[in-house]
Amino acid sequence: MRRAFVLAAVVVLVPALALPAQMPKVKPSKSAKPEALLPLTDRERAQQLLNRFTFGARPGEVEQVLAQGSDNWLNQQLSPSGLKDDVASRRMGDYPVLRMSPDQVVQTFPAQFVVQQIAEGKIPKPGGPQTDPQLASVYEVALWRWQKSLDDKKVDADGTTHMPTPEQQEAQKKADQATAARIAGELFAIDRKQRMADLLSRPVPDRAAFCQYVAGEQKNLLLGEFTPREREFFYAMGATGGSSYRALQEISEAKMLRMVLSERQLQEVMTDFWFNHFNVFGPKDSDQWYTAAYERDAIRPFALGKFRDLLLATAKSPAMMVYLDNYTSIGPNSEANGGKRKDGKRNGRGLNENYAREVMELHTVGVNGGYSQEDVTHLAAILTGWSVDNPNLGSKFVFDPKKHEPGEKQWFGQTIPDDPNNGQQQGIIALTKLAAMPQTAHFLSWKLAQRFVADDPPPALVDRMADTYLKSDGDIKKVLLTLIHSPEFNSRKYFRNKVKTPEEFLASAFRATATDPTNPGQMVQSLRQMGMPLYGKLEPTGYYLTADHWMNTTALIDRLNFAVQLTQGKYGGQKFDSSRLLAVGLMSQPSVGGVKSVNMPAAGPGPRALKVADITTTRGRGPAGLTGMDVALDVLEKTLVGGPVSDKTNALIHQQVAQPAPQVITPSQPDSQPMTATQTPQPQQPLSPPDTLNMLTALVLGSPEFQMR
């Protein structure tokens, strides 16, 4: 996009954004006089529900919710198991990791250290008569690469090294690329169902070369005809430093597809919210193979249930145990640490307080929840023994009584008894008490209100939600209903006042344009570029969801660049049809723009896309009335944004259409570059009608109004 538009968008958007404090007050006043709030219309309420509890409205979805009744739509979304989700479910079939146990993920995508341990005879290689030949090949290739790396580093007794020179490495690379191209040609010559078996019958070095170096259209065509399982084994054989990262790539792509395609949108939104609340960093150690099961088994089933169940499920998850190191925590006076000692440690082993601190500060009562450092230490002692059997092999959560610190504990002003025969119960008691505390009710209500109402949540609403939480024993669904039926949520003051995060922006762009996401890998890469990699937040805070973290010049440039690439068909091979979007918008909103008639493309010897010129308005064309472009812009704005945009945004869009075609820019470019004497202005080429429509779509997607939900 042109920098003029980028800077103008920043000027329009940023001053309107509130920059609230990140943490709530412990005891907000309940005596404040309630503010008079102007209620939303029925249509606006439908838009509010779709903006907040889906990843964006699809064309015509507001009308569907109105016809169905907003409350009926909401009740269906709150009971997701009753909603058919065939499209998303079918696409999830492409990602086997979603159904694997962690130990199966380890076997399918072995990390480098696993390969090394197998090579050194420390652990057995998956084998036996029932071993999948594709899985066996993964290990054959990985072990061959490991041995080759050792041979290259070998030093003879006389000091001679075997490390190839840069010239030899380059020659070998070219030879491997030629091998890969040759094998690809041979695979194309046979039935596609036989290709993987043929590949597995070849020498290991050939398999390694093919999977690492096949490229371009050959790779795309072959992978397109592999089964999802075959594709994963292909990637595993092509990984040169261990393939465990592929598990995270799979679940990241699946998550993007669910955001865009799932009919169970409220469940997806809440699963995303709670994963962020109970964040784990996927790339950390063995969490690469635990994260898929963590979201599947500890987050998703409890996203609309009781908070206590959600808290306990995350606490017992190996992913959380590894991420916050509780599996390394050992009671100073435990049997595993040699019994009672004055110094409380032996061989450097002792309590690890990471999880005990974060479960109070971030997961339950909040940083101002009234606990002390002593409470952190005592909770860490309570939770000793909560561990993982063998995280390097993807084993399960276990309670190890030998690591548990014996005896009753004084914690948070209470005495927590200890059962010598069931030390795990002490941790369950403590976590249950945390889930029931008023501080937890307030903190969670504040976070939910911040996500769904305003960056600076209205205190009176937070108080009512907290009351519902305490009266319902932490029923998440009932707390949400208190929020949704509140005058604040249904007021104009809190309508379209939340800035989209990168994942919300990206998903909403695909949903609003009714675009089938055929390249989710590209979408995952875009989120990395926008600073929000899925499962990639290092800090346990999770991603902040307020405007001050996501709105700046660089962020808007990234979003505008994405919109241009998508609409121009330059987004990872993703197909985009702006003429179809315009037609859908016209059919779903027949009264927009003063449209009199639409000359739909007639059947003929070849297809013809709908053009701006096909639209006739009630006021005709020309300087005195609306043009076809005016109508198209009006349709796109109401289809993508859900309502009108500001006069300033419209003026900017018209200004851009009068300019040459937009160009992708980078934040490193200066805001203005004066023209030198040796430079001459380039002649402006008028845009063709299809290009105009694509450009209009990109500009609306990049507008300040589309950044809001």
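**Q** Looking at this structure, I do not really get the pattern of salt bridges. What am I missing?
**A** Any two side chains of opposite charge can pair, given that their charged atoms come close. Applying the stated criterion to the full structure yields 30 salt bridges. Here Arg 195 ties to Glu 225 by a salt bridge, and the two come within 2.5 Å at their closest N and O atoms. One end of the pair, Arg 195, is in helix H10 (residues 195–200); the other, Glu 225, is in helix H12 (residues 216–225), and 30 residues separate them in sequence. Linking Arg 300 and Glu 268 is a salt bridge whose minimum nitrogen-to-oxygen distance equals 2.7 Å. Of the two residues, Arg 300 is situated in the loop between helix H16 (287–299) and helix H17 (307–315) and Glu 268 in helix H15 (residues 265–277); the sequence distance between them amounts to 32 residues. Exposure class is identical for Arg 300 and Glu 268. Each is buried. Connected through shared salt-bridge partners, Arg 182, Glu 186, Asp 198, Arg 202 and Asp 206 make up one network.

**Q** Please clarify how the environment of Gln 147 should be interpreted in this entry.
**A** Note that Gln 147 resides in helix H8 (residues 133–153). Here the alpha-carbon distance between Gln 147 and Gln 116, two residues 31 residues apart in the chain, equals 9.3 Å.

**Q** Can you walk me through empty space enclosed by the protein in this structure?
**A** If a probe the size of a water molecule is rolled over the atoms, the empty space left behind becomes visible. Evaluation of the coordinates by the stated rule reveals five cavities of 30 Å³ or more. A volume near 340 Å³ is recorded for the largest cavity. Of all elements in the fold, only helix H2 (42–53), helix H3 (61–68), helix H25 (502–512) and helix H29 (628–640) reach the threshold of two or more residues within the lining of the largest cavity. When residues in the lining of the largest cavity are grouped by element, the largest group, four residues, is from H2. When its residues are assigned to classes, the lining of the largest cavity shows 10 nonpolar, 10 polar and 11 charged.

**Q** Would you mind going over the nonpolar core with me for this structure?
**A** Considering soluble globular proteins, one finds that nonpolar side chains tend to be buried as a cluster. Phe 210, Met 270 and Trp 274 are the most contacted members of the largest nonpolar core, which totals 168 residues. In terms of residue count, helix H14 (residues 245–261) provides more of this core than any other element does, nine residues in total. The contact partners of Met 270, leaving out residues within four places of it in the chain, are Ala 303, Leu 304, Leu 448, Phe 452, Ile 476 and Leu 480. In terms of nonpolar packing, the next biggest core, distinct from the first, is built from five residues, Val 499, Met 551, Leu 556 and Met 708 among them.

**Q** Which parts of the structure should I look at to understand the packing of aromatic side chains?
**A** The geometry of two aromatic rings is summed up by the distance between their centres and the angle between their planes. One pass over the structure, following the stated rule, counts 22 aromatic pairs. Aromatic side chains Trp 386 and Phe 397 sit 5.7 Å apart centroid to centroid with 65° between the ring planes, which places their arrangement in the edge-to-face category. Taken together, the positions of Trp 386 in strand S1 (residues 386–388) and Phe 397 in strand S2 (residues 397–399) put the pair 11 residues apart, joining distant regions of the chain. Phe 397 shares its class with Trp 386; the two are buried. Each member of the aromatic cluster is reached from another via a ring pair, and the members are Phe 53, Phe 273, Trp 274, Phe 278, Phe 307, Phe 452, Tyr 469 and Phe 489. Over the aromatic face of Tyr 235 sits the side chain of Arg 246, whose NZ or CZ is 3.8 Å from the ring centroid.

Cut-offs applied
Residues numbered from 1 in each chain as written. Predicted model: local features only at pLDDT ≥ 70, side-chain atom pairs only at ≥ 80, totals over all residues. Heavy atoms only, no water. Salt bridge = Lys/Arg side-chain N within 4 Å of Asp/Glu carboxyl O. Helix = DSSP H or I, 4+ residues; strand = E, 2+ residues; numbered from the N terminus. Buried < 20%, exposed > 50% of the residue type's maximum accessible area, 1.4 Å probe, protein only. 1 Å grid on protein atoms, 1.4 Å probe; cavity = no way out; pocket = protein on both sides within 12 Å on 5 of 7 lines; lining within 4 Å. Points joined across faces, edges and corners; volume = space filled by probe spheres on them. Nonpolar A, V, L, I, M, F, W, Y, C, P; charged D, E, K, R; others polar. Core = buried A, V, L, I, M, F, W, Y, C linked by side-chain atoms within 4.5 Å. Contact = heavy atoms within 4.5 Å. Phe/Tyr/Trp six-rings, centres within 6.5 Å; stacked < 30°, edge-to-face > 60°. Lys NZ or Arg CZ within 6 Å of the ring centre and 35° of its normal.

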